[in-house]
Each structure stands twice: as structure tokens, then as C-alpha cells.
Number of protein chains: 2
Amino acid sequence: MSGADGEAGGDRPTVLVLDAAPGEPPPRLGALTGRARVLHASDASGLRALLPRADVLLVWDFTSDAVREAWPGPGPRPRWVHAASAGVDRLMFPGLIASDAVLTNARGIFDVPIAEYVAALVLAMGKDLPRTLALQSAGEWRHRETQRIAGTRACVVGSGPIGHAITGHLKALGIITALVGRRARAGVHGPADLDRLLARADWVVCAAPLTGETRSMFDARRFGVMQPAARFINVGRGPLVVESDLVDALHKRWIAGAALDVFEHEPLEQDSPLWTAPGLIVSPHMSGDTVGWRDELGRQFVELYGRWESGRTLTNVVDKKRGYVPGN
Amino acid sequence: MSGADGEAGGDRPTVLVLDAAPGEPPPRLGALTGRARVLHASDASGLRALLPRADVLLVWDFTSDAVREAWPGPGPRPRWVHAASAGVDRLMFPGLIASDAVLTNARGIFDVPIAEYVAALVLAMGKDLPRTLALQSAGEWRHRETQRIAGTRACVVGSGPIGHAITGHLKALGIITALVGRRARAGVHGPADLDRLLARADWVVCAAPLTGETRSMFDARRFGVMQPAARFINVGRGPLVVESDLVDALHKRWIAGAALDVFEHEPLEQDSPLWTAPGLIVSPHMSGDTVGWRDELGRQFVELYGRWESGRTLTNVVDKKRGYVPGN
């Protein structure tokens, strides 16, 4: 797992970048000049041609299934795959899981931005801001009472760095916040506590990785457990939620509102009932994307590359059995 | 200043309530049954008839000028006036200032709700939530980059309990926050620092009392001092801001946005240019009004009444020279 292999042959290692959609900026990898041969592919066929020659694959477009489609069978392939995203669900396919390729992610980059975004949603919903803006558009002066946020209860699902950051931000606002993860430990509830915590939460925040265990975890039964005054927020991955069940729950007023930043299909289909579900805020997968986020992702990859080329241990290594970077 | 005077005459003290607009709930004063004779007036003429007989005036409608219009000249009048609001600007008229009537306010009730409301506005503007909602209405998926809030700078003007609470909430979000008051002291900047702090603030929050010194303090010159990326928030009183200057500043992009919860004239006139000024959020004087706020105001008055009737010192006493309750 060291670039020394490549250099032994007199060659610089080859870094293959799966670029994002046309028009999206590529990563700034100027710091790798003279240290790596950087190739680009924009789709599965481009990847298929280049993957056998690549030492490193940088998955810049985390929304793509191209890696799954193009992953080589036996024979040469990247020894290291880096995802420029926190979630690596699109890379959790059997070929990559079974291979000896090390998988890393963008752990750390999105924690504070997403925590801020969740705090923004909680406060906006508590203070009835969407209605204020709608009334302003109508030129209507209508005083309402809003929710006192301090002393309300939140349940944050997903105990990685993003879930921890969200918990910190909500606690800072005086919200009594419980964090739920895959296993109970200090400061984190296990799955056995989930329904009990959901049943008393004013805010349910999903920031879990998408895995076989978490897929569809927010379904009709779980929305039914929540309080009628509860609001649900998903900043994890779309398929964590059964979208049709959420639409039903909102129409039937099982819960008071929701905000989704991620969806089963992105961009969200024009005719999706989510656009107009009552009390639902739809945002286009942007919760973590503060100004400069791409540069931070590029810097992070360059830093990891420095470790890799000098034979040091990589950080942010995904446990391919679990589908995320194990923490504490 | 003791209800014992009234009781000496065998009479219960008379509490006169200036009621809020028709349809607005009156204060719950059941706890005063047998302890006070409670009368109600709804306008200046009602007040004028009853004020000479009142020991205590409870100004439940803080938006009214009726007290100024009806305040008696020489002769009997209330010894204690309580405003069910934080700001007492409508009561700062010469007759009341010159009288020996003690004036108290609702200090403490609105601190956390308003701090939460300001945090909601800061985060909503930083995360571009109004545009997200507008795009959702149009069924449009458009990813944008938003602002990282941690590390930005705020200048909070007004160093009473509300300004302090706002400062605490903004600091909890990682915002570098300076607080400005009438005089410099530990943790509070004096007016001499104001322009320098405005010039580098991403967020300027006005939570000052309306006095002769603060009226119109946010004018063209001060908006000109601010950064083009700055957002201005007013949760104090409308006349702290020269509204036409703010509209100009927004149209000329001197600042990036603003949010007003208070206005020179409330309700805001139908034809006010504020409704549609670019980047401006208009809300109907509700920042402090969380569910149960009226009950809290009533409880606070009953508690103060208990002090008053037993001859103990009143708290929340306004310094009538300054126009607010002096603190530290």
C-alpha cells in the first residue's frame, strides 16, 4: 500500500479521477505535480478503460454508480479508492468489498457545516420561518406564537462525526439531545433504545450511513411512533427513508413537519409528491457544502496521498464490512 | 410604594389593565382575586376615566400610545406602572418620567426566545433557506454553496439581558461575537468601538432599547460602514432604524441582506417598500413570543404585585432617565 512500488519501477503512481458532472469543478491536484500521473474519467466506460492502470481512484462524483459498473474483475486494479464524500454507500458493492483495495472517505470535512444546517432547519421550523416568508410574499402581517427551542428533545440517529457534531450544536441551543448508533457506548444509545427515544423527540435527525441495516429504517412504523408535534430531518442518504411513508405521515399529520436534503433519486424527480408534501422542506443535497468545500475535499485527498506515497498508514479508512469509518 | 396604604383604608388596591387589541387574550390575574380590584380599559378615553383611581397600571398593550395620551396631570395617579414588554419606549413621555410613579418592565421573559429567533435568522440567511424555499415552490432542484457560520463575526448592539442572550447563542454557534452597550465595561464595548465593529461584522444585530440616543442609529452612514456581505437584524424597536436608508442600502447592495421583526409603524403598512426589498425578511413583531408567553407575562406581573403589596422592593425597575432597566 505504498507508492514506493510504483516509484521502484521509475514510474509515478497513476491517480484516476472520476470527475463530477460536466460544469462541476474538478479537484485541484496541483500539489501532486511530479508526484502522480493524474488521469480523468467521466463515466463508466472511461473508468473501465483506465481502472486497470490506476494505482489510486479518486471518486470525485460520489453520486455516480460508474465505479460499480466499471470495477475490474481479477487482475490489476487500484490499491486505494478515496471517496470525496462522507457516505460511501455507492462503493459498497461486492467487487470492491471483496478486493484488497483500501477505501477511505472525506471524514471530517462536512461535520460542522451539516451540524449548522440541521440547527438552521430546527430553528426555522421551530420559529415558523417558512410561513413567515410565505406571509411576507403575500404582504400579510400575521402574528403567531412560535416554539421555545430550549428544553425540547432531539434524537440524532447516526453516531459518526456528523451525528456527534449535530448533537453538539443542538445541545448548544439548549435541546436535550440523545444520540443513537449501531451499538451502545458512552454517550451513545444502541438500537434497542431507538423507538423509545423517537417516541419522545420533538426533533428526529437522521445522519446515519446507508447500509444494509439502515436502509428504509424510517418507515411508516417509525413515523407512527413519533409524536404529532415531531419534525423529522434527513441529512444522511435518501434510501434511509421510505419516501412514500413520509409523505403519508405528513398528510395524515402523524408528524408536524420534515426536511429532506437527500433523496432516493437525485435530483428529485419533477413529479415527486415530496415537492408539495405539507410541512416538508426540500433542499438539493447541499447541507454540507459551504463555500470552499471542494477545495477542502481536494486538500484532504492531497494530504492522504502524501501519507500513501510515503508508505504511512492511511486515515479515514472505511470498514468495508460495516460501510463506514469506525470511530468511538 | 406599598399596597398597605390601600389596605389601611380597608380597600384593596386598584389595578388598571390597559388591554391589548380586541381578540387578544387579557392577562390571567386570577391569583389577585381578593387582593386587588382589577379594572380594564381598552383605549385612552377609558384610561383617562380610570387612571386617577388606579394604584397600579398594567400596560398589557405595549404598542399603544394611550398611556401617554391619558396620563393625568397633578393629582391622584398610579404609583406603579408595569409594562408587559421589554421595551418601554412608549412610556418614556415627560409626564410619566417626571412623576414619582415607579416603572417596571418584563425583563427576562423574552431573552431566550429572542436569542433563538436571532440564531434562526442568522442560520437561515447563512444557509440560504429563503431561496431554498422559493426554489422548492418552483419545483426547481438547484444546488448552491452556503456559508460556514462558525468563525464568522457578529456585532450585537444592546447590552441588556436580550443582547447578552443573543451573544450567548451566537457564540455557541462558533460566531465571534462582540457586544456593544451604552458604556464600555467587562465583556461589553462602548459606543466608541461601534463603527469599527460594524465594519468587520458578518452579522449586525440590533437589540437596543429605543431612547433619544439610539433612535435612528442605523442610518445610511452606518449601513455604509458595514461589509457588502453583512446581514443586519433588528429585534429591538422599529425607529432604531431609518427604514428608507435600509431599503436603499439593500437595493444598492451595500449589505447582503437584513431581517426586521420591528417597524416604525406596526402593523407594517401595506404599501411599505420593506415588504419587497431585496434580501429582506419581514416578520410581524413576534421574535419573543413563544407559546405561553402571555401566561409568563401574567405570572411575572403577579409576582411583582406580591412584592409591591407586601412593601418589598420591586425588581425590573426602569431607570426613567435612561429608558431601560440598568444592569451590569
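A quick note: this is a predicted structure, and the numbers were derived from the prediction, not measured.

This part takes up the overall build of chain A. Secondary structure summary: chain A contains 11 helices and 11 strands in total. The principal-axis extents of the C-alpha atoms in chain A amount to approximately 70 × 45 × 30 Å. Looking at chain A as a whole, 51% of its 328 residues qualify as buried. Put simply, of all contacts in chain A between residues at least 6 apart along the chain, 64% involve residues at least 24 apart.

So, on to the environment of B:Gly306. As for its placement among the helices and strands, B:Gly306 is situated in helix H11 (residues 293–309). C-alpha separation for the pair B:Gly306 and B:Pro94, spaced 212 residues apart in sequence, amounts to 28 Å.

The next point concerns the packing of helix H5 (residues 111–126) of chain A against helix H5 (residues 111–126) of chain B. Running from N to C, H5(A) and H5(B) point in directions that differ by 125°, and their axes come no closer than 8 Å. Taken together, the axes of H5(A) and H5(B) are oblique relative to one another. Crossing angle aside, the handedness with which H5(A) passes H5(B) is left-handed. On the side of H5(A), the interface is formed by A:Glu116, A:Ala119, A:Ala120, A:Leu123 and A:Ala124, while H5(B) contributes B:Glu116, B:Ala119, B:Ala120, B:Leu123 and B:Ala124. Of the residues that constitute the contact of H5(A) with H5(B), the class distribution is eight nonpolar, no polar and two charged.

At an RMSD of 0.0 Å, chain B and chain A line up after a rotation of 180° and a shift of 0.0 Å along the axis. Such a turn and shift between the copies fits a two-fold axis. When you check the interface residues of chain B against chain A, 100% turn up at the interface there too, and the contact is symmetric in its surfaces.

Further remarks concern the interface of chain B and chain A. Contacts between chain B and chain A engage 41 residues on the former and 41 residues on the latter. Counting only elements with at least two residues in the side of chain B that touches chain A, the list comes to H5, helix H6 (129–137) and strand E11 (280–282) of chain B. Residue composition of the side of chain B that touches chain A, grouped by class: 24 nonpolar, 10 polar and seven charged.

What follows is about the sheet that holds strand E3 (residues 56–59) of chain B. All names here are of chain B. Taking strand neighbours across the sheet as the criterion, the five strands line up as E2-E1-E3-E4-E5 in an open arrangement whose pairing is parallel. With partners counted over all chains shown, the strands left at the sheet margins are strand E2 (37–41) and strand E5 (102–104), one partner each. Direction aside, neighbouring strands of the sheet carry axes that sit 20° apart on average. Pairing of strand E1 (residues 14–18) with E2, which is carried by five bridges, proceeds in the parallel orientation. Within E2, the position partnered with Val-17 by the bridge is His-40.

With that settled, the discussion passes to the domain arrangement of chain A. All names here are of chain A. By domain assignment, chain A separates into domain 1 (4–109 + 291–309) and domain 2 (111–282). In this structure, domain 1 and domain 2 have C-alpha centres spaced 32 Å apart. At the junction of the two partners, domain 1 supplies six residues and domain 2 supplies seven residues. Grouping the amino acids of the side of domain 1 that touches domain 2 by side-chain chemistry returns one nonpolar, three polar and two charged.

Residues and elements named next belong to chain A. Summing up the model confidence of chain A, the mean pLDDT is 95 and the portion of residues at 70 or higher is 97%. Across chain A, the element-wise mean pLDDT spans from 40 in helix H1 (residues 4–8) up to 99 in strand E8 (residues 203–206). Between residues 1–9, whose pLDDT stays under 50, and residues either more than four places distant or in other chains, the model counts 12 contacts.

Once that is clear, we can look at the environment of A:Thr315. Residues and elements named next belong to chain A. Secondary-structure assignment places Thr-315 in the segment after helix H11 (293–309). For Thr-315, a count of 13 C-beta atoms within 10 Å puts it in the partly exposed group. Separated by 212 residues in the primary sequence, Thr-315 and Leu-103 place their C-alpha atoms 10.0 Å from one another.

For the rest of this paragraph, the subject is the packing of H5(A) against helix H7 (residues 161–172) of chain A. Residues and elements named next belong to chain A. It is at 8 Å that the axes of H5 and H7 come closest, and there the two elements cross at 45°. Taken as axis vectors, H5 and H7 run oblique relative to one another. Crossing of H5 against H7: the hand is right-handed. Contacts from Asp-111, Val-112, Ile-114, Ala-115, Glu-116, Val-118, Ala-119 and Val-122 in H5 reach Pro-161, Ile-162, Ala-165, Ile-166, Gly-168, His-169 and Leu-170 in H7. When its residues are assigned to classes, the contact of H5 with H7 shows 11 nonpolar, two polar and two charged.

It is worth spelling out the sheet that holds strand E10 (residues 257–260) of chain B at this point. Residue and element names in this part refer to chain B. Across the sheet, which stays open at both edges, the six strands sit in the order E7-E6-E8-E9-E10-E11 with parallel pairing between neighbours. Looking at strand neighbours, the two that pair on one side only are strand E7 (176–180) and E11, the edges of this open sheet. Across the sheet, the axes of successive neighbouring strands diverge by a mean angle of 15°, strand direction being ignored. Here strand E6 (residues 153–157) runs beside strand E8 (residues 203–206); their pairing, made up of four bridges, is parallel. The residue bridging Ala-154 from the neighbouring strand is Trp-203, located in E8.

Attention now moves to the pairing of strand E6 (residues 153–157) of chain A. On any regular strand, side chains alternate: one points to one face of the sheet, the next to the other face. Residue and element names in this part refer to chain A. Counting buried positions along E6 gives four out of five residues, so the element sits mostly inside the fold. Across five bridges, E6 lies against strand E7 (residues 176–180) in parallel orientation. Its bridge partner lying in E7, Cys-155 is registered against Ala-178. The parallel pair E6 and E7, bridged by H7, forms a crossover whose chirality is right-handed.

Right, let's talk about helix H10 (residues 243–251) of chain B for a bit. An α-helical turn contains 3.6 residues, so a residue and the one three or four places further along point in the same direction. All names here are of chain B. Residues of H10 that are buried: Glu-243, Leu-246, Ala-249 and Leu-250. Looking straight down H10, one finds that the buried residues subtend no more than 120° of arc, so they occupy a single side. Elements in contact with the buried residues of H10: helix H9 (220–225), E10 and E11.

All names here are of chain A. With an omega dihedral of -10°, the bond running from Glu-266 to Pro-267 counts as a cis peptide bond. Among the structural elements, Pro-267 can be located in the loop between strand E10 (257–260) and strand E11 (280–282). Positive phi, normally seen in glycine, also occurs at His-285, with a value near 40°. Secondary-structure assignment places His-285 in the loop between E11 and H11. A positive phi angle, near 60°, is found at Asn-316, a position not held by glycine. Tracing the chain through its elements places Asn-316 in the segment after H11.

The rules behind these values
Residues numbered from 1 in each chain as written. Chains lettered and ligands numbered in written order. Predicted model: local features only at pLDDT ≥ 70, side-chain atom pairs only at ≥ 80, totals over all residues. Helix = DSSP H or I, 4+ residues; strand = E, 2+ residues; numbered from the N terminus. Buried ≥ 20, exposed ≤ 12 C-beta atoms within 10 Å, placed from the backbone. Contact = placed C-beta atoms within 7 Å. Axes fitted to C-alpha atoms, helices over the stretch in contact; angles between N-to-C directions. Parallel < 35°, antiparallel > 145°, perpendicular 65-115°, else oblique. Left-handed = near helix turned anticlockwise from the far one by under 90°. Nonpolar A, V, L, I, M, F, W, Y, C, P; charged D, E, K, R; others polar. Least-squares fit on C-alpha atoms with pLDDT ≥ 70 in both. Pairing = 2+ DSSP bridges. Domains from an automatic or database assignment. pLDDT = per-residue confidence, 0-100. Right-handed = clockwise from strand over helix to strand, strands pointing away. Arc of directions from axis to C-beta.

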